[in-house]
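Summary of structural features
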Amino acid sequence: MNYNNIDFDTYLKNYPDKAGFFGKYGGSFIPPELQNAMNEITDAYYSISKSRKFIAELRRIRKEFQGRPTPISHLERLSSQFGNVQLYVKREDLNHTGAHKLNHCMGEALLAKYMGKKKVIAETGAGQHGVALATAAAYFGLECDIYMGAVDIKKQAPNVARMKILGANVIEVTHGLQTLKEAVDAAFEAYCNEYKDAIYCIGSVVGPHPFPMMVRDFQSVVGIEAREQFIEMTGELPDAVVACVGGGSNAMGIFSGFLNDPVDIYGIEPLGRGEKLGDHAASLTYGSEGIMHGFNSIMLKDENGEPAPVYSVASGLDYPSSGPEHAFLHDLGRVKYDTVNDDDTIDAFYTLSRLEGIIPAIESSHAVAYGIKLAQQMEKGSVLINLSGRGDKDMDYIIEKYGIR
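Here is what the cut-offs are and how they apply
Residues numbered from 1 in each chain as written. Predicted model: local features only at pLDDT ≥ 70, side-chain atom pairs only at ≥ 80, totals over all residues. Heavy atoms only, no water. Helix = DSSP H or I, 4+ residues; strand = E, 2+ residues; numbered from the N terminus. Rg over C-alpha atoms; globule rule 2.2 N^0.38 Å. Buried < 20%, exposed > 50% of the residue type's maximum accessible area, 1.4 Å probe, protein only. Contact = heavy atoms within 4.5 Å. 1 Å grid on protein atoms, 1.4 Å probe; cavity = no way out; pocket = protein on both sides within 12 Å on 5 of 7 lines; lining within 4 Å. Points joined across faces, edges and corners; volume = space filled by probe spheres on them. Nonpolar A, V, L, I, M, F, W, Y, C, P; charged D, E, K, R; others polar. Pairing = 2+ DSSP bridges. Axes fitted to C-alpha atoms, helices over the stretch in contact; angles between N-to-C directions.

Next up on the list: the overall build of the protein. Summing up its helical and strand segments, the protein has 16 helices and 16 strands in all. On C-alpha atoms alone, the protein measures out to a radius of gyration of 19 Å, which is about the 22 Å that the 2.2 N^0.38 rule sets for 405 residues. With respect to the three principal axes, the spread of C-alpha positions in the protein is 60 × 45 × 45 Å. For the protein, with 405 residues in total, the buried portion stands at 63%. Taking the contacts inside the protein whose residues are at least 6 apart along the sequence as the reference set, 74% of them involve residues at least 24 apart.

So, about empty space enclosed by the protein. Within this structure, the stated rule accounts for one cavity of 30 Å³ or more. Of the voids in this model, the largest cavity is the one considered here, and its volume is about 400 Å³. Lining the largest cavity are 36 residues, with K101, G203, S204, S249 and G316 positioned closest to its centre. Looking at the lining of the largest cavity, the elements with two or more residues in it are β7 (119–124), α6 (128–140), α9 (180–194) and α11 (249–255). Ranked by residue count, the leading element in the lining of the largest cavity is α9, at three residues. Considered class by class, the residues forming the lining of the largest cavity number 12 nonpolar, 19 polar and five charged.

Right, let's get into the sheet that holds strand β10 (residues 198–200). Taking strand neighbours across the sheet as the criterion, the four strands line up as β9-β8-β7-β10 in an open arrangement whose pairing is parallel. Both outer strands of the open sheet, β9 (169–173) and β10, are each paired with one neighbouring strand and no more. Ignoring strand direction, the axes of neighbouring strands in this sheet form an average angle of 20 degrees. Relative to β9, strand β8 (residues 143–149) runs parallel, the two being bridged by five bridges. Looking at the pairing, D145 lines up with N169 of β9. Strands in contact with α9 are β7, β8, β9 and β10; relative to β7, the strand with the most contacts, it is inclined by about 160 degrees.

By themselves, these observations are geometric and do not establish any function.
Right under this line is the structure:
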């Protein structure tokens with residue numbers, strides 16, 4: 001498959017380039033002193049991650065600790081509503097800690113261990129990355145500082161409790177909108193002061209090089225498994241693959257397994273309350289090129305060209321930019337990026353829960369809602385949805401705001 005002379009058969013080996021760019025997106029736009037720390041991480045990743053010992057240990061962890069491979073489930077009752085279209089979900093909610101985040105957190109923490117670091121630092125929005133990194137830190141005996149916006153701390157109380165039980169230090173961020181962007185700002189500031197003894201474990205395919213590449217590579221296990229499992233289940237490839245996109249780690253994980261296949265790929269952004277700036281977080285749909293948090297991508301900007309305020313019912317999606325690889329795939333046209341609003345998301349949350357006995361994360365519910373929309377439009381075929389996480393963390397918030405439907 002070829003898009004604008006891109007050979008997707010060798011794509012994962014060729015992108016990003018040595019400077020961390022996916023076309024014009026990506027790179028590393030950070031202070032020189034911090035760049036030295038990033039170079040150390042890059043060198044360690046390129047050497048350590050390719051060693052037999054590292055690969056063997058990561059594979060053992062995935063099997064014995066994380067419970068991988070996670071299965072694919074056929075949504076028979078939901079599919080029965082759409083004639084000949086069959087819906088399937090890749091069950092990252094069954095990965096240990098309840099989401100895809102542990103896939104890269106165990107890899108990042110293992111890298112930190114090999115580098116001799118004593119602490120891991122991170123931001124979190126919905127709390128799943130924080131829980132996953134706190135889990136990895138406990139597993140490897142590392143200190144762990146998690147920065148989280150005050151608004152998200154209130155919305156995601158169960159995950160805050162989990163992080164603390166696991167031994168992490170949860171640091172409340174109270175400036176700005178007190179959500180994911182501000183948590184990233186605070187975590188980066190802390191890392192600047194502690195980079196000699198700590199490693200910053202970014203929670204998505206964002207940030208300066210090498211993190212968009214590292215997180216994608218660790219998450220690619222989702223796409224590798226899903227492709228093999230779907231063919232084994234059905235004898236063919238899905239017609240469409242769908243995943244939600246904030247920063248975009250779960251999406252790049254599953255997309256990477258299908259980029260060179262004749263499969264339609266959809267990345268679903270949060271439309272929130274509507275198209276007005278400040279009411280959504282759909283950066284790829286409504287944004288423009290810009291630099292924030294050390295990387296160049298497509299971002300939502302205010303009248304001064306600064307990162308715009310954003311909103312989503314999903315704490316893990318309320319980020320004013322997206323991973324540089326998503327921006328690249330958007331421009332190439334290989335992935336179609338579309339939106340789902342809050343109301344349709346909550347409807348999908350309840351629909352999947354009631355018909356299939358699976359309570360999805362609000363983030364994942366965006367993808368479920370779009371999968372249902374595709375099924376209503378298609379005459380036949382199959383849709384594979386990446387169920388990036390479970391909804392335990394969201395239940396109290398949804399019941400309080402929306403009630404039981």
